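Architecture at a glance
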Amino acid sequence: MKKHLIKTVSGVMTAALLFAVVFGFADIKPSYAAVSFTDTADHWAVGDINAAVRLGYINGYENGTFKPENSISRAEFIKIINSAIGYTELTNLTFRDVPSTEWYYPEVQKAVRAGYINGYGDTFSPDSHVTREEVATMLYRINPGNVNYSLADVKDAGMISEWALESVKSVYAQGYMGGFPDGNFNPTSPMKRGEAVKAVNKVLNIAPEESVAALSVATEIRNIEINSATLRATSTQSGSIFWVLVESSNPSTPSAQNVYDGKDANGGTPFDKGSISAAANTAQSVELDNLLADTDYKIFVMATDAKWNRSSVTSKSFRTESSSASGGSWITTYSVSDIKNSSVVLNVRSNTKGRFYWVAVEGSSSGTPSQDYIRSGLDRNGDTAAANGDQSISANSSSTVSITGLKSETSYRVYGCVYESTDRYSNYSVVKSDSFKTTSSGTEWITSIRTDSVQETSVDFTARFDVSGSSYKFYYVILESSQQTPSATWIISPSTGTIKGGNETIPSSKSLSYSVSGLSTGKTYRVHGVVQYGSQNSAVYTSSNFTPSESISYASNLTGMKIEDQDGKSISGYTFSAAKYTYDVTAPGKTTELKITPSAPTNTVVKSDGKTVEKGDSVKVTLLPGKNTPVEIAVFESGKTERVYTLNITVATPRITSLSIAEDQSFEFKSETFTYTVQAGVNKDINVIFTVDDDIAVTAKVDNNIVSVGKTLDNPPKKKVLVELSNAQTDLYLTVDYTGASNPKEYHFIISSSL
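Now for a description of the structure that goes with this document. Numbers given to residues run from 1 along each chain, matching the order in which its sequence is written. pLDDT decides what is reported in this predicted model: residues at 70 or higher carry local features, side-chain atom pairs at 80 or more are listed and counted, and totals for whole chains, interfaces and linings draw on all residues regardless. Hydrogens and water are ignored here; the side-chain numbers use all heavy atoms of the structure.

**What to know about the overall build of the chain**
Heads up, the condition is: Helix and strand assignments come from DSSP, with helices taken as H or I runs of at least 4 residues and strands as E runs of at least 2, each series counted from the N terminus. Buried means the residue's accessible area, taken with a 1.4 Å probe over protein chains only, is under 20% of the maximum for its type, while exposed means over 50%, and partly exposed covers the values in between. Note on definitions: a residue-residue contact is assigned when non-hydrogen atoms from the two residues lie within 4.5 Å. With residues, only the protein chains shown are counted as cover, and all accessible areas are computed by Shrake-Rupley using a 1.4 Å probe.
Check the secondary structure of the chain and you find 10 helices and 41 strands. In the chain, which comprises 755 residues, the proportion classed as buried is 47%. Counting only contacts in the chain whose residues sit at least 6 apart along the sequence, the fraction spanning at least 24 positions is 67%. If you sum the accessible surface of the chain, you get close to 34900 Å²; carbon and sulfur atoms cover 44% of it.

In structure tokens, the structure reads:
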């Protein structure tokens, strides 16, 4: 009987692959089965699970798990048996708990017809957990064997139901089912999914299968144009690659099964789908045609190996170009300029940001290398290119690439592509190329561009060359100095609104002079020039900065300036300086009138208070003694750039200019600047009188005791201080202070009796 069963199994294996179990046993295609689950790698039944899934009579769950420790129902287990062996014949049912509308109705029909299971009278209990002794009974009925096994080594043999005892002995003897490490059979425990597939494999004589190597697929999108793009996919195993293309910027990810079936995440029809055979670690290319312009797409890709293991689903987003794009492929400008004997400038503009890769290959018609070769600095044959490099590139912004280290008078072709890598996209553009020939050694063509005269709104300049003749044409543009140096091709055909000129033959004198107007006063400019010789351009030559200025001579803008006191009297003895001149004037340590006389009908602003003054007006400025007082004066005419003068006015600290003692007795006192001998009686009060050079406050101290606090005095300022001379030497301190002065001046007098 066993040999007959195995023969039957062999005969129905193809049919068995047409079945699997729903709810973890969902219907699948015959040659597609997943054996890489997240929860089986370390499970004792992993080999049997792999083999069972390979044959297709059971499957895992869509979240990538198999759940080998989950119990299994009676209906689910008979689905496994029917699918594995290939039972298809049906019979009528009388079970009241098996409705004809349920998925398991035909499975119960098959099981009852095959005779390996019965119900419980008029019930079947399809959703009840199938027990281990029930499974043993079904397997025994499918493949009977020895029923005389003693079960002496089974500790809980007495717990086996009488109706199942022969079945357990048979499956135990044949090795279909065994006990547990603790010596028990656990006959009434629910059968688990891992246990079930191991038992069925034993009956079918199917050996366990180890897990295969990890299967994955790498995906790229290349050559994006208006209506097409290229899918490039690489699988780690030989087999097939499946893909579906969805028109959306952020669609839901379909399951691997849906990708295999050519469906989107909702089971609907995608924009496009397909599959291709794949050798291990070999890139496969699929042309995606008939796409919509200026449209977001996302492609989902999965791979299978030769045994139909599946990889996880990978994806790439991309957007086709606008129908108005010229040439397509992101790169909108691609040309060489500034050709020299050993270098050239490549001008690139892309409508997407990313990284630009390029190689320069000797020869004007060499074959186009792949994007991968360009990224690796190789030519079409995989050899190192004459020059290569890469740099970041911004969207809708011109970039220049300097290619150096070339041979003189040699033809080259430069190939480039953009690699875009963002949160949504990671793709290649198509490859662009341009050819050029380097010049002879030492040829730069332009030797100088010199500005001869700069006026308010114009400039005269002269360009000089080391070439001449009808084949050489000179072009120029004038741009503000803040703008980047333009390319040669841009100078020849610049944007509108640019100050441009040239297209003249270089004469035998090898120089050309121009007078250009339309500039703005106060802005800084540069002249950029280029020589064109046939299809080649010289390097771009840039002049020094120049700034058109106003016609007023600023050296004479301020012809007069003076400082007066409140009464209009000029004061001398102090110095202030401006950028253009220096005056010696006098200013007291107080608020004064600063008078300014411009040489032209200008407005003058003193920046300290922002007041506008007309010609000949005066402005009050507070000058602090002992400190620099900066005053900024701006001179301007309407519509012209202002000129700023900075004056630094220094006022000395006020000081004592004279001092005397009222009594006629003879005493000597000393200060740091002068010495007096006076007469004064011993132990009597005297009056000390001093004179200062400004209206100041004076504090007098005798032996460090304040005897009087000064106040603002009349002019000429005098002050009497009553001092008591109580011993042979008296210290007298006078402090001359001025509000705002950085360091008040202190005088120390020593008054000694001469008696």
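From this point, the narrative continues.
**Considerations on the sheet that holds strand β3 (residues 239–246)**
Just so we agree on the cut-off: For two strands to be treated as a pair, DSSP must find no fewer than two bridges joining them. For helices, the fitted axis covers only the stretch in contact; all axes are lines through C-alpha atoms, and the angles between them, taken along N-to-C directions, range from 0 to 180 degrees.
Strand order in this open sheet of 4 strands is β4-β3-β6-β7, and the pairing throughout is antiparallel. Strands at the two margins of the open sheet, each flanked by one partner only, are β4 (272–278) and β7 (314–319). With strand direction ignored, the average angle separating the axes of adjacent strands in the sheet is 20 degrees. Two strands pair when backbone bridges link them, and β3 and β4 are joined in this way by 7 bridges, in the antiparallel orientation. Considered in β4, the bridge of Phe-242 is made with Ser-275.

**Thoughts on the sheet that holds strand β17 (residues 458–465)**
A sheet is described by the order of its strands in space; here 3 strands give the open sequence β16-β17-β20, paired in antiparallel fashion. The two strands at the open ends of the sheet, each matched to only one other strand, are β16 (446–454) and β20 (511–517). Each strand of the sheet is rotated relative to its neighbour by a mean of 20 degrees, with strand direction disregarded. As judged from the 7 bridges shared by β17 and β20, these two strands associate in the antiparallel manner. Bridge pairing in β20 places Arg-464 opposite Ser-511.

**Thoughts on the packing of helix α5 (residues 132–142) against helix α6 (residues 165–174)**
Stated formally: Any angle between 65 and 115 degrees counts as roughly perpendicular, while under 35 counts as roughly parallel, over 145 as roughly antiparallel, and the rest as oblique. Nonpolar residues are Ala, Val, Leu, Ile, Met, Phe, Trp, Tyr, Cys and Pro. Charged residues are Asp, Glu, Lys and Arg, and all others, Gly as well, are polar.
Their axes nearest at 8 Å, the elements α5 and α6 cross at an angle of 75 degrees. Comparing their axes, α6 and α5 come out roughly perpendicular. Along the contact surface, α5 presents Glu-133, Ala-136, Thr-137, Leu-139 and Tyr-140, while α6 presents Glu-166, Ser-167, Val-168, Ser-170 and Val-171. Grouping the constituent residues of the contact of α5 with α6 by class yields 5 nonpolar, 3 polar and 2 charged.

**Concerning the packing of aromatic side chains**
The geometry of an aromatic ring pair comes down to the distance between the two centres and the angle between the two planes. Heads up, the condition is: Note on aromatic contacts: the rings of Phe and Tyr and the six-membered ring of Trp form a pair at centre separations within 6.5 Å, being stacked when their planes are under 30 degrees apart, edge-to-face when over 60 apart, and tilted otherwise. We count a charge as sitting over a ring when the NZ of a lysine or the CZ of an arginine lies within 6 Å of the ring centre and within 35 degrees of the ring normal.
Per the counting criterion, the structure on display carries 22 aromatic pairs. Measuring from ring centre to ring centre gives 5.6 Å for Tyr-412 and Phe-436, while their planes differ by 20 degrees; the resulting arrangement is stacked. Placement of Tyr-412 in strand β13 (residues 411–421) and of Phe-436 in strand β15 (residues 432–437) is noted, with a sequence separation of 24 residues between them. Assigned by exposure class, Tyr-412 and Phe-436 land together as buried. Clustering of aromatic rings is evident, with ring pairs tying together Phe-461, Phe-465, Phe-474, Tyr-476 and Tyr-514. We note Lys-67 situated over the ring of Tyr-61; from NZ or CZ to the ring centre the distance is 4.5 Å.

**Quick word on the nonpolar core**
Which entries qualify depends on this criterion: Among buried residues, the Ala, Val, Leu, Ile, Met, Phe, Trp, Tyr and Cys ones that are joined through side-chain atoms within 4.5 Å form a nonpolar core.
If you look at the biggest cluster of nonpolar residues, it comprises 53 residues, and the most contacted ones within it are Tyr-57, Phe-77, Leu-139 and Met-177. If you list the elements that add at least two residues to this core, you get α2 (46–55), α3 (74–85), α4 (105–114), α5, α6 and α7 (193–204). For this core, the element with the highest residue contribution is α3, accounting for 7 residues. Excluding anything up to four places from it in sequence, Phe-77 contacts Ile-72, Val-130, Val-135, Met-138, Ala-196 and Val-200. Ile-221, Leu-231, Ala-303 and Ile-331 belong to the second-largest nonpolar core, a separate cluster that totals 38 residues.

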